[in-house]
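Residues per chain, in single letters:
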Amino acid sequence: ELPVEVVEPEGEFEERRLVLLANEYRDKNPAEKIREADAWEELEAKKANERKKEATGHRQKFAEGETGRAKEKAAEKVGVSKETVRKGQQIKKKAEDGDETAQEEWERLDSGEQSIHGAYANVRRAENQTDDEQPEREDPREQHTELSLVRVLDDGACVYTSGDNTYLVPKDEL
């Protein structure tokens, strides 16, 4: 027999928070992290608004600083930086607005093929291209063909380089 705790959420806010907490330790692809950060940011902003409402007795619009703190808390909850969340949200917004490059990059994020920073760089690069130029995309599969072993650590992990990037690969992932 396993001990079970049944929780009855008190309202939509608490229900969403519990769903997010239940998924906290699940492995997520970059797009899932951004969607989850969006949800956390919304909850944190609502929480801040409620605290402000209680303190002042009426609802007020968020100041920029409160929105920034909500984004920072959301980023911390999904294990990325505030800047990474900002970049991912920009890609997502551009994809929703019909930007073809952003849509392609969002699909790659959703499949786990691309990092948020790589996708952001590709979207920015495409924005800066003239109409007759085709943007070059970073392809993580190509990056792996140019890896150079730097050294093997005492615990069996390996350090590789590729261009300007350095990768630490734990022994169990080799």
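Predicted model, so just to flag it, every value in this text is computed and none were measured.

Some points on the overall build of the protein
When helices and strands are tallied, the protein shows seven helices and three strands. Helices and strands appear in the protein in the N-to-C order α-α-α-α-α-α-α-β-β-β. Contacts spanning at least 24 positions in sequence make up 41% of the contacts within the protein whose residues lie at least 6 apart. Of the roughly 12100 Å² that the protein leaves accessible, carbon and sulfur atoms contribute 46%.

A closer look at the packing of aromatic side chains
What characterises a pair of aromatic rings is the spacing of the ring centres plus the angle enclosed by the ring planes. For the structure shown, the criterion picks out zero aromatic pairs. Across the ring face of Trp40, the terminal group of Lys77 is positioned such that the distance to the ring centre comes to 4.6 Å.

Comments concerning helix 6 (residues 116–128)
An ideal rise of 1.5 Å per residue puts 18 Å on 13 residues; helix 6 measures up with 18 Å between its terminal C-alpha atoms. For helix 6, every residue scored as buried is listed here: Ile116, Gly118, Ala119, Tyr120, Asn122 and Val123.

Quick notes on the packing of helix 5 (residues 100–111) against helix 6
The axes of two packed helices give the description: the angle between them and the distance between them. Two numbers describe how helix 5 lies on helix 6: the axes approach to 9 Å, and their chain directions differ by 170°. The orientation of helix 5 relative to helix 6 falls into the category roughly antiparallel. Contact residues: Thr101, Ala102, Glu105, Arg108 and Leu109 in helix 5; Ile116, Ala119, Asn122, Val123 and Ala126 in helix 6.

A short note on the pattern of salt bridges
Taken as a whole and assessed by the stated rule, the structure comprises 15 salt bridges. As a salt-bridge pair, Arg35 and Asp110 come within 2.8 Å of each other at their nearest N and O atoms. In this pair, Arg35 sits in helix 2 (residues 30–56) while Asp110 sits in helix 5, placing the two residues 75 residues apart along the sequence. Overall, the relative accessible area of 34% leaves Arg35 in the partly exposed class. For Asp110, a relative accessible area of 34% translates into the label partly exposed. With a shortest N-O distance of 3.9 Å, Glu44 and Lys73 are connected by a salt bridge. A residue pair is termed long-range when its members are at least 10 positions apart, and Glu44 in helix 2 and Lys73 in helix 3 (residues 64–78) qualify at 29 residues. Taking relative accessible area as the criterion, Glu44 reaches 7% and is therefore assigned buried. Lys73 sits in the partly exposed class, given a relative accessible area of 37%. It is possible to trace a salt-bridge network through shared partners that takes in Arg16, Glu42 and Lys46.

Quick word on the confidence of the model for the protein
In this model, the protein carries a mean pLDDT of 80, and residues with pLDDT of at least 70 account for 76%. No element of the protein has a lower mean pLDDT than helix 7 (residues 140–144), which averages 50, and none a higher one than helix 4 (residues 82–96), which averages 95. Confidence over residues 62–67 falls short of pLDDT 50; this stretch has seven contacts with residues more than four positions distant or in other chains.

Thoughts on the nonpolar core
Ranked by size, the top nonpolar core spans 11 residues in total: Ala31, Ile34, Ile91, Ala95, Ala102, Trp106, Leu109, Ile116, Ala119, Tyr120 and Val123. When contributions to this core are tallied by element, the ones reaching two or more residues are helix 2, helix 4, helix 5 and helix 6. For this core, the element with the most residues is helix 6, which contributes four residues.

Digging into the environment of Tyr120
Along the chain, Tyr120 falls in helix 6. Once the C-alpha coordinates of Tyr120 and Gln90 are considered, the two residues, 30 residues apart in sequence, prove to be 8.1 Å apart. Excluding its chain neighbours within four sequence positions, the residues that come into contact with Tyr120 are Arg86, Lys87, Gln90 and Ile91.

Quick notes on the rules
Residues numbered from 1 in each chain as written. Predicted model: local features only at pLDDT ≥ 70, side-chain atom pairs only at ≥ 80, totals over all residues. Heavy atoms only, no water. Helix = DSSP H or I, 4+ residues; strand = E, 2+ residues; numbered from the N terminus. Contact = heavy atoms within 4.5 Å. Areas by Shrake-Rupley, 256 points an atom, 1.4 Å probe, with all protein chains shown as cover. Phe/Tyr/Trp six-rings, centres within 6.5 Å; stacked < 30°, edge-to-face > 60°. Lys NZ or Arg CZ within 6 Å of the ring centre and 35° of its normal. Expected span 1.5 Å × (residues − 1). Buried < 20%, exposed > 50% of the residue type's maximum accessible area, 1.4 Å probe, protein only. Axes fitted to C-alpha atoms, helices over the stretch in contact; angles between N-to-C directions. Parallel < 35°, antiparallel > 145°, perpendicular 65-115°, else oblique. Salt bridge = Lys/Arg side-chain N within 4 Å of Asp/Glu carboxyl O. pLDDT = per-residue confidence, 0-100. Core = buried A, V, L, I, M, F, W, Y, C linked by side-chain atoms within 4.5 Å.

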